[in-house]
Amino acid sequence: MKIIKILAVIFLLIIAGIAAYFFYLKSNLTPSYKGEIQVLGLNQPTEVYFTEFGIPHIYAVSSEDAYRSLGYIHAMERLWQMDLLRHVGSGRLSELFGADMVQADIFLRTMGLSEYAKQSAQLYIQRNHESLPLVEAYIEGINQYIESNPKPLEYTILGLDIEPFEIKNVFETLTYMSFSFSNAHITDPVLTELSAKLDSSYLKDLNIYHYPGESVLRSFDDRYSKHALQTAQILDHLKIPEFIGSNSWVLSGEKTESGKVILANDPHIAFSQPSVWYESHLIMPDNEYYGYHIAGAPFPLLFHNEKLATGLTMFENDDMDFYVEEIHPEDSMKYMHRGEWKDIEAVIEEIKVKDEESVNFTIRKTVHGPIVSDIIQEKPLQDVVSMHWVTSNHPNFMIEGVYGFTIANGLDEVEKAASMIHGPGLNIMYGDAEGNVAWWAAGKLIKRRNERTSKTFYDGSSGLDDPDSTYSFDKNPHAINPPWGYVHSANNQPDTVNGIVYSGYYLPDDRGERITELLDEAVKIKVDHVKAMQLDDKSMMQEAIKGILLQAIKNTKRGDLLRELLKWQATFDRDDFRALIFQKWVNEILLAAQKDEIGDELWPVYKKTHTYKVATEHLIKDEKSRWWDDINTEEAETRSDIIRKAFETTIAQLSAQWGDDYTRWKWGDAHKLKHKHAMGDILSFLNVGHFPISGANEVLNNMGYTYDEEAEQTILFGPSTRRIVDFNDLRNNSWSILPTGQSGNYFSPHYADQAEMYANGTFRKMIMNNQEIRKSENKITLIPKD
């Protein structure tokens, strides 16, 4: 009995100690939104008002003071995220998380992110661009915060210190962002293997261009898919959100009730905690804007002021090419290119590892770029494969371009700034107070001998398909003040310009089709209508194929269920059981139709490609496709056979997972959103929510997931903000929402104060009304430090 009492006392002491330590951390790490703070380098005091959801409104007497203050405040709320992003962009995650991240660092450095960021920073400093003093002030503000405040919670747990920030860190963040836009490093290896494994009729049925050219390889290595699989695994392991897709539309006054422009934008990015964007409002003597920043970047990628507004979506152009190199039979460090043997360049890299010895590895390069086949762990490819990434082969002017948006006076100046962005491929969306609407595809677009072969590996030895040149910006797709009264982008394929076809990893036209349907049927549009559009969950693909599916089961014994399914309007409301049935049914159809040909190993990687989404409607509509026959059986299956089999499987599995009463099933029970922190697997309290969510893949409320056999489909990405700018009353009637909150500090009241609002489809104002701002009780005054 005495031992039990002693153990109980020890247990209580441990609990008390943990509680005391927690309250100690909270008292030291909770950000203050009131008071005075001394900041070195300020010329004059700067006032920072924090409105209801923690958005800072920075009133400064000079631009340099504004950006120095922004750096300080941004670090106060997002320092962990800033540091994590620069470690990703430089391939130094092992310094934070240890040996588990060595392979990720090898991958990132082999792809050339760190070296390109370093070179870009050096060139930017040498150019001495007018934005340089503002970037320097922002960096100094970050470092001032680091020097004068306790480390964030994550660093206390990891037992690490924080290095001062440098200009190159800004480029590391932007370079990773550019790289994450590309889908080629997963798709091209998959399609190369499929093109050699299956005859061309299969690929034709997937709506994929595949026309053999004289340098398109017909060799085959069944380990190409290993490159794609390991790439996908590494990207999933990075602890940082990828940029996936986006919606945007900009309405001219001809389409709106007020006669003024409305811009809507919701970039689709992988969910994380903290969320991607940090909102801020800068008020300077010569400029004012409301912007959305990524962590560690001084200038906003999305912004608006009284004159104009910009948004962005991912262009999804094909900016990577892969080359199979011919290696000298007697010297593995030589390769054939255009008739001569050339030396392979070798660069030795050192990876520092937390609590362990450093790891050295070698990056090999050809004229095309790094040899990416070297990073496959299990066994090397029979072929040596190199990668050319257009972004890293051109100077980086993205800082100048984004800065140019913030100081632009109108359409021509925004167009000029857009022309400076060489990568990643972006659709720059534009609207202004004068009534102009426009979009430009920004980025260097490769001139290819044959655009229709760019998604499979090239023969590197011939040089026939080397990426020797790019199109000038005026040849990029664009639209300015079109007669139909709006511009829009949903990552769908653009029109050709002067007959040029631009290869890309474009997503299905479902969202683009739904946007045009809603805009064309509307007479005069108000902000409330735009809000409803951003939350719209109707699937154009499901609507197009629903009749085919239901026709195949018209003789089912489950007549009661069939009658319910006939009523479905192809919408994905979280309370609808029919949405759950149809989404699983379609995925079971694709599984039954395609996995036998594609194979067990390649299947999970194939599902991560845009091809999987693009092919769905095209395949299901094609009754005569070869995919319908199961190659593992003697009989020849038809489309109807596969659809009926998939339906029975669907109902059986859903009944096992959710019970026999289908009326009690809910899409939201299987479709939930959790915002995961980079350390959330260990410290689950850092994660936010587990919310039932409406929406689905490729609807306007694009809540994306990769289908698997589990009862719950993990939502991977979706709108990183829902943003509406109304030029009829910009300061009082523009709207936003973030997935979690402004702050990345767990102890802040703004860590997750928008999470439920976001899950429920609620918006909040983007306040730019000075009188309303100055009523806020939360105010920090940053004063010059002697």
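An account of the accompanying structure is given in this report. (Residues numbered from 1 in each chain as written. Predicted model: local features only at pLDDT ≥ 70, side-chain atom pairs only at ≥ 80, totals over all residues. Heavy atoms only, no water.)

1. Remarks on the overall build of the protein chain
This is how the line gets drawn: Helix and strand definitions here come from DSSP, where helices need a minimum of 4 consecutive H or I residues and strands a minimum of 2 consecutive E residues; each element is numbered from the N-terminal end. Contacts are residue-level and defined by heavy atoms, with any inter-residue pair within 4.5 Å sufficient. We get accessible surface area from the Shrake-Rupley algorithm with a probe of 1.4 Å; when it comes to residues, only the shown protein chains can shield them.
Counting its secondary structure elements, the protein chain contains 24 helices and 29 strands. For the protein chain, the proportion of contacts with a sequence separation of at least 24, taken over those separated by at least 6, is 72%. Approximately 30600 Å² of the protein chain is accessible, and the part contributed by carbon and sulfur atoms is 49%.

2. Brief notes about the sheet that holds strand E9 (residues 308-314)
Inclusion rule: Pairing between strands requires that DSSP locate at least two bridges from one strand to the other. As a rule, the C-alpha atoms of each element are fitted with a line to give its axis, helices using only the stretch in contact, and angles between N-to-C directions run from 0 to 180 degrees.
Overall, mixed pairing links the 11 strands, which are arranged E1-E29-E2-E3-E6-E7-E8-E9-E17-E18-E20 in an open sheet. Sheet topology places strand E1 (35-39) and strand E20 (478-480) at the edges, where each strand pairs with a single neighbour. For this sheet, the mean inter-axis angle between neighbouring strands, taken without regard to orientation, is 20°. Taken together, the 7 bridges between strand E6 (residues 278-284) and strand E7 (residues 287-293) define a ladder with antiparallel strand orientation. Note that in E7 the partner of Glu279 across the bridge is Tyr292. Along the sheet face, helix H2 (residues 63-89) touches E1, strand E2 (46-50), strand E3 (56-59), E6, E7 and strand E29 (779-784) and points at about 160° away from the line of E6. Against the sheet, helix H12 (residues 398-407) makes contact with E7, strand E8 (302-304), E9 and strand E17 (426-432), and its axis sits at roughly 130° relative to E7, the strand it touches most.

3. What to know about the side chain of Ser252
As a reminder, the rule being used: A simple rule labels every residue: compare its accessible area, found with a 1.4 Å probe on the protein chains alone, to the largest value its type can have, and call it buried under 20%, exposed over 50%, or partly exposed in between.
Looking at the secondary structure, you find Ser252 in the loop between strand E4 (243-251) and strand E5 (262-270). Exposure remark for Ser252: the relative accessible area of 8% places this residue in the buried category. Non-local contacts of Ser252, meaning those with residues more than four positions away in its chain, are made with Lys260, Val261, Gly435, Val437 and Gly485.

4. Details of the packing of aromatic side chains
Here is the rule we go by: Pairs were defined over the aromatic rings of Phe, Tyr and Trp, the Trp ring being its six-membered one, requiring ring centres within 6.5 Å. Orientation was assigned from the angle between planes: stacked under 30 degrees, edge-to-face over 60, tilted for the rest. Lysine NZ or arginine CZ positioned within 6 Å of the ring centre and within 35 degrees of the ring normal marks a charge as sitting over the ring.
Across all of its chains, the model carries 33 aromatic pairs by this definition. Between the aromatic rings of Tyr662 and Trp665, the centroid separation amounts to 6.4 Å while the plane-to-plane angle is 70°, which identifies the pairing as edge-to-face. Overall, Tyr662 belongs to the buried group, its relative accessible area being 10%. A connected cluster of aromatic rings, assembled from ring pairs, spans Trp568, Phe572, Phe582, Trp585, Phe647, Trp667 and Tyr705. Here the guanidinium or amino end of Arg774 rests over the ring plane of Tyr59, the centre of that ring lying 4.2 Å away.

5. Examining the nonpolar core
Put simply, the rule is: Each nonpolar core is a collection of buried residues, namely Ala, Val, Leu, Ile, Met, Phe, Trp, Tyr and Cys, held together in the definition by side-chain atoms within 4.5 Å.
With 149 residues, the main nonpolar core has Tyr67, Leu79, Ile142 and Trp277 as its most contacted residues. Per element, the largest residue contribution to this core is 13 residues, and it comes from H2. Leu550, Trp603, Tyr606 and Ala670 belong to the second-largest nonpolar core, a separate cluster that totals 53 residues.

6. Quick notes on helix H16 (residues 540-552)
The condition that has to hold: One axis fitted to the seven residues ending at a residue, another fitted to the seven starting there: the angle between these axes is the bend at that residue.
At Lys546, H16 shows its strongest bend, of approximately 40°. Of all the residues in H16, the buried ones are Met540, Met541, Gln542, Ile545, Lys546, Leu549, Leu550 and Ala552. Those residues of H16 hidden inside the fold are in contact with helix H14 (510-521), helix H17 (559-566), helix H18 (577-598), helix H20 (610-621) and helix H21 (639-658).

7. Quick look at the sheet that holds strand E22 (residues 671-675)
Pairing in this open sheet of 3 strands is mixed, and the strands run E23-E22-E24 from one edge to the other. The open sheet has two edge strands with one neighbour each: strand E23 (688-692) and strand E24 (713-714). Relative to E24, E22 runs parallel, the two being bridged by 2 bridges. Bridge pairing links His671 to Gln713 in E24.

8. Quick word on the packing of H16 against H20
The condition that has to hold: Orientation labels follow simple angle bins: below 35 degrees gives roughly parallel, above 145 gives roughly antiparallel, 65 to 115 gives roughly perpendicular, and whatever is left gives oblique. Put simply, a crossing is left-handed when the front helix is turned counterclockwise from the back one by less than a right angle, and right-handed when it is turned clockwise. Only Asp, Glu, Lys and Arg are considered charged in this grouping, and only Ala, Val, Leu, Ile, Met, Phe, Trp, Tyr, Cys and Pro are considered nonpolar; every other residue, Gly among them, is considered polar.
Two elements in contact, H16 and H20, have axes whose closest approach is 10 Å; the angle formed by their N-to-C orientations is 25°. Compared by their axis directions, H16 and H20 come out roughly parallel. Of the two possible hands of crossing, H16 and H20 adopt the one that is left-handed. Side by side, H16 and H20 meet where Met541, Ala544, Ile545, Ile548 and Leu549 of the first sit next to Thr616, Glu617, Ile620 and Lys621 of the second. Across the contact of H16 with H20, the residue classes break down as 6 nonpolar, 1 polar and 2 charged.

9. Looking at the packing of H16 against H21
A pair of packed helices can be characterised by two numbers: the angle between their axes and the separation between those axes. In the contact formed by H16 and H21, the axes pass within 8 Å of each other and the chain directions differ by 85°. Overall, the two elements H16 and H21 adopt an arrangement that is roughly perpendicular. Here Ile548, Leu549 and Ala552 of H16 lie close against H21, whose contacting residues are Arg639, Ser640, Ile643 and Arg644. For the contact of H16 with H21, a count of residues per class yields 4 nonpolar, 1 polar and 2 charged.

10. Digging into the pattern of salt bridges
Keep this limit in mind: By definition, a salt bridge exists where a carboxyl oxygen of Asp or Glu is found within 4 Å of a side-chain nitrogen of Lys or Arg.
For the coordinates displayed, the defined rule picks out 34 salt bridges. Residue Arg774 is joined to Glu47 by a salt bridge in which the shortest nitrogen-to-oxygen separation is 3.2 Å. One end of the pair, Arg774, is in the loop between helix H24 (770-773) and E29; the other, Glu47, is in strand E2, with 727 residues separating them in the sequence. Here Arg774 falls in the partly exposed class, since its relative accessible area comes to 41%. In this structure Glu47 comes out as partly exposed when scored by relative accessible area, which is 24%. As a salt-bridge pair, Arg514 and Glu517 come within 2.3 Å of each other at their nearest N and O atoms.

11. Points about the pairing of E22
Of the two faces of E22, the one holding His671, Leu673 and His675 is buried and the one holding Lys672 and Lys674 is not buried anywhere. As paired elements, E22 and E23 share 3 bridges and run antiparallel to each other. Bridge pairing in E23 places His675 opposite Val688.

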